[in-house]
Each structure stands twice: as C-alpha cells, then as structure tokens.
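Inside the fold
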Amino acid sequence: MRITQGQFSFLPDLTDEEIRKQVDYAIGRGWALSVEWTDDPHPRNTYWNMWGIPMFEIKDGAAVLFEVNACRKAHSGVYIKVNAFDNTRGVESMCMSFIVQRPAQEPGFGLVRQEAGGRHIHYTTHSYATDKPMGERY
Amino acid sequence: MSEAINLKAILKEAQIQDVLEELDRELVGLLPVKRRIREIAAFLLVSKARQKVGLEAGTPSLHMCFTGNPGTGKTTVAMKMAAILHRLGYVRKGHVVSVTRDDLVGQYIGHTAPKTKEVLKKAMGGVLFIDEAYYLYRPENERDYGQEAIEIMLQVMENNRDDLVVILAGYKDRMDTFFQSNPGMSSRIAHHIDFPDYEPDELMAIAHSMVGQMHYQFDAQSERAMVDYIAHRRGQPHFANARSIRNALDRARLRQANRVFDSAMAGSGTIQAEALKTITEEDIRASRVFSAAKE
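First, a word on scope: everything that follows refers to the structure included in this document.

Thresholds applied
Residues numbered from 1 in each chain as written. Chains lettered and ligands numbered in written order. Predicted model: local features only at pLDDT ≥ 70, side-chain atom pairs only at ≥ 80, totals over all residues. Helix = DSSP H or I, 4+ residues; strand = E, 2+ residues; numbered from the N terminus. Buried ≥ 20, exposed ≤ 12 C-beta atoms within 10 Å, placed from the backbone. Contact = placed C-beta atoms within 7 Å. Expected span 1.5 Å × (residues − 1). Core = buried A, V, L, I, M, F, W, Y, C linked by C-beta atoms within 7 Å. Nonpolar A, V, L, I, M, F, W, Y, C, P; charged D, E, K, R; others polar. Pairing = 2+ DSSP bridges. Axes fitted to C-alpha atoms, helices over the stretch in contact; angles between N-to-C directions.

As for the overall build of chain B
For chain B, the count of helices and strands is 15 helices and 7 strands. If you line up chain B on its principal axes, its C-alpha atoms span 80 × 55 × 30 Å. The proportion of buried residues among the 295 residues of chain B is 35%. Restricting to contacts in chain B with at least 6 residues of sequence separation, those with at least 24 account for 80%.

As for the environment of B:V96
Residues and elements named next belong to chain B. Topologically, V96 is positioned in strand β2 (residues 96–99). For V96 and Y229, which are 133 residues apart along the polypeptide, the C-alpha to C-alpha distance reads 34 Å. Sequence-distant contacts of V96, that is, excluding residues within four places in its chain, are made with A78, M79, A82, G126, V127 and F129.

Concerning helix α1 (residues 16–28) of chain A
Spanning 13 residues, α1(A) covers 18 Å between terminal C-alpha atoms, matching the ideal 18 Å at 1.5 Å per step. Close packing links the buried residues of α1(A) with β1 (32–38), α2 (62–74), β3 (79–86) and β4 (93–101) of chain A.

A word on the nonpolar core
Residues and elements named next belong to chain B. Of all hydrophobic cores here, the largest spans 79 residues; its most connected members are L85, V127 and I167. Leaving out residues up to four positions away in the same chain, L85 has contacts with L62, Y90, V91, G94, V127 and V165. In terms of nonpolar packing, the next biggest core, distinct from the first, is built from 17 residues, Y198, M226, Y229 and I279 among them.

Structural notes on the interface of chain B and chain A
Opposite the 10 residues of chain B that make contact, chain A presents 8 residues. Taken together, the residues of the side of chain B that touches chain A break down into 1 nonpolar, 4 polar and 5 charged.

Remarks on the sheet that holds β1(A)
Residues and elements named next belong to chain A. Spatially, β2-β1-β3-β4 is the arrangement adopted by the 4 strands of the open sheet, whose pairing is antiparallel. Only two strands of the sheet have a single neighbouring strand rather than two, namely β2 (49–55) and β4. Going across the sheet, the axis of each strand differs from the next one's by a mean of 20°, ignoring polarity. Strand direction decides the pairing type here: β1 and β3, joined by 7 bridges, are antiparallel. Bridge pairing in β3 places L33 opposite A84.

Observations concerning unusual backbone geometry
Of note, the phi angle at A:R119 is positive, near 60°, even though the residue is not glycine. Note on placement: A:R119 falls in the loop between β5 (109–115) and β6 (121–127). Judged by the 6 C-beta atoms lying within 10 Å of it, A:R119 is exposed. One non-glycine residue, B:L30, lies in positive phi territory at about 55°. Note on placement: B:L30 falls in the loop between α2 (16–26) and α3 (31–52). Residue B:L30 is classed as buried on the basis of its 22 C-beta neighbours within 10 Å.

Just geometry here; none of it tells us what the structure is for.
What follows is the structure, encoded as structure tokens:
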C-alpha cells in the first residue's frame, strides 16, 4: 500500500530534478530546508529522525539534494522526506513536506479493534512493518 | 548533416560582453589575467555551442586557481568570474562565498567534516572562493584537520561539478608547494591564472580611480607626492599593491580632515568646498613611508 503523506504523494515519485525545483521554490521564499528519515511511517508519527541540522542560508537546491543523496546512501530502503520551515515570527511552522524516498515494498496498515468496557470498540491503525524491530522493517 | 550554430546569438543571449567590458574598464592593468579570462569565456561559449549540437556531454571542469601577491585583484576578478559563469549558465545562482581556513577546518576530531560540508552547501549554485588556500595544508602537523577538509572538498569538486565552482587563491610560491603536496587537488583544477604585480604607473591610475570614487581630488603637487610615495612604498616590505594604495589614501584623508579642521578653527570657521575635496601634498608627504626612506 503506497503511503500518501505530505505534498505530491498522489503523484508519481519526484525525480531529482523535480525535487531540486521544489526546493528552489522554498529557498526563494526564505524557508529553511531539512531532511528527515524514518522506518515507522505511521501517520501520527511526527518524530522522524533528523538527517543533520536544518539548512539555513543555502542559495541553491543542489545543497539539499546533496544531503538527500547522502541520506539515501546511509539509509536505503526507508522513508525520507524534505521539509521546508518558515521561521517568520507568527508563522513558525512547516510550509512544505514531501517524501523523496520510499521502500520498494510497503506492507501498509491494519485496522486494530480494541474491546473496551460496555461493548465499546476502540479503533486504531497499526503499521505491519513495525512488527519487526527497527532496522529490519523494510 | 551539418548544423549551424550562431555564436554571436549565444554571446548576446549570455550578455557576457558587458561583464568582460566591465572587467576591462574597472581593473587597471592585469593584461595577462584579462586575456586568460577572455580565453576561458570563449572556451565556455564554444563548449556551450558544442553542447547544443550534441558534441559535448559533460560540463568542463571549471575549478580555478588564482595566484599572485596580495592586493592584485584576485577577489575582484573572482566576483567577475562568477558573473560570467552565471550568465553562461555554468552556475545556477552566481553568488560568491568567500572563505578562509577558519571557515572550513574544525578545532577537534569530527568537527571539520560538518563544517566543510556546511560551507560547500552554502556555495552550491555559485562560486566558492578560498582565500589563502595553502593554509589548508600544514605539513608540519600531521594531525592537522586541514587534510580532512581538502579530502571532502575534492570529493564534492568531483561529484558535484555541476553545482559549484571552486576558486583557490594565494601566493604563487606557497600555492605551488600546496599543489605539490596535494596532487589530487592540482589535477582537478583546470585553470591556473597568475596575477602579476602592478607597475608604478598602473598603481597611480588605481590611486586616481580610488580618489575619484571617494569624491576627492589631487592637485598638481600632491600628484607628484603620490608618485614618490608609490616609488618608496614599493620597495618596502609588506607591500600589498592596490590595498596599500587604498590604505595610504585612507590615511591621507584622515590627515586632510585634520588639517582642514585645524585651519578652519584657527580662522573664521568657514571653508571652501574645493578645500574639502582636495588632498594636498602635505597630506601625503606626512606619511611614515617617507621618513623611513630617509633613514
């Protein structure tokens, strides 16, 4: 099951050239770019691992692509995303976020029903990949 | 099948003619440098044309080394080079990031790589200008982290040659030693440009243009004093060409301000506009350079 999180996730995967153009747009708006990776792609998992510190003061998308490629080399076959953060006072939030690498096989999520008191049912989603320990998931 | 490519059209489209003319106009002397820059520009232009007809695939190596004594215009030319490369489309943004050893080399183990990469990332899309580049390599200390910075740079210079152009600068003899001990660096640098020292009349022309930019003027006597000054200063140690001239003029301006102030205070307090902008002979003759020459 293809995971759809962030921008462009319903489109075919972006090529490097397309990633660079998106990043150039973000740089043009004065946003700080960062690269993050994870092997736990639960939609509520907001804590992905940072790949280096966010990049302020860069002028060209090639710098981000350089880091994305370094991250791909170190963590092949897991999810990698690029974020753009707007640090304007009063905004201070993520303005862009898109996935730039995903595993070849994405097992997807199962629905878990938990029986609670009074015949209540609590529903939750569970990523099949996280059944395995970290580092063996994809 | 023969295709025709209009070089003039590419030249016009790139608008590098303006940059080259600016270079000619703003920089006094430096004829060999200007010639080399023209050669490189022509080479890049022709590569561009060859790319259009499919004769050339990759980008040519563009990393450069500027050698010469201090104050010979290396930084200024690097800025112009960045503009040329940008207009021909060899770098995407055309900004110049100017760094020295301090910005690249860390203080402890594991500090250098992120620092160097940070600088390289900032320079991507533009030109990385490394001043006094020979300081990166310190043979007397084998545990110096400079070597690590050099290795990272080499890797990026090779793999990301579409993304940034590195220009190294430094004294001729010390850069030569640097390249001897780092053959990898030497082989990756395509263009070596040597900046000659300025001749006295060129230095005088520089002094004139600097004075003009600052909205001052020489009179006949002070002009002769300046020629004398240049002759004396050139023979002294730590002579830094155009930079020495700039410093001398800055000090002359200070003395001029002092003199104008004192004379106005001694008199009625009024002062002519002409006196405000003229640097006189005594402003220049008061320099230490002359007293040192007499001893």
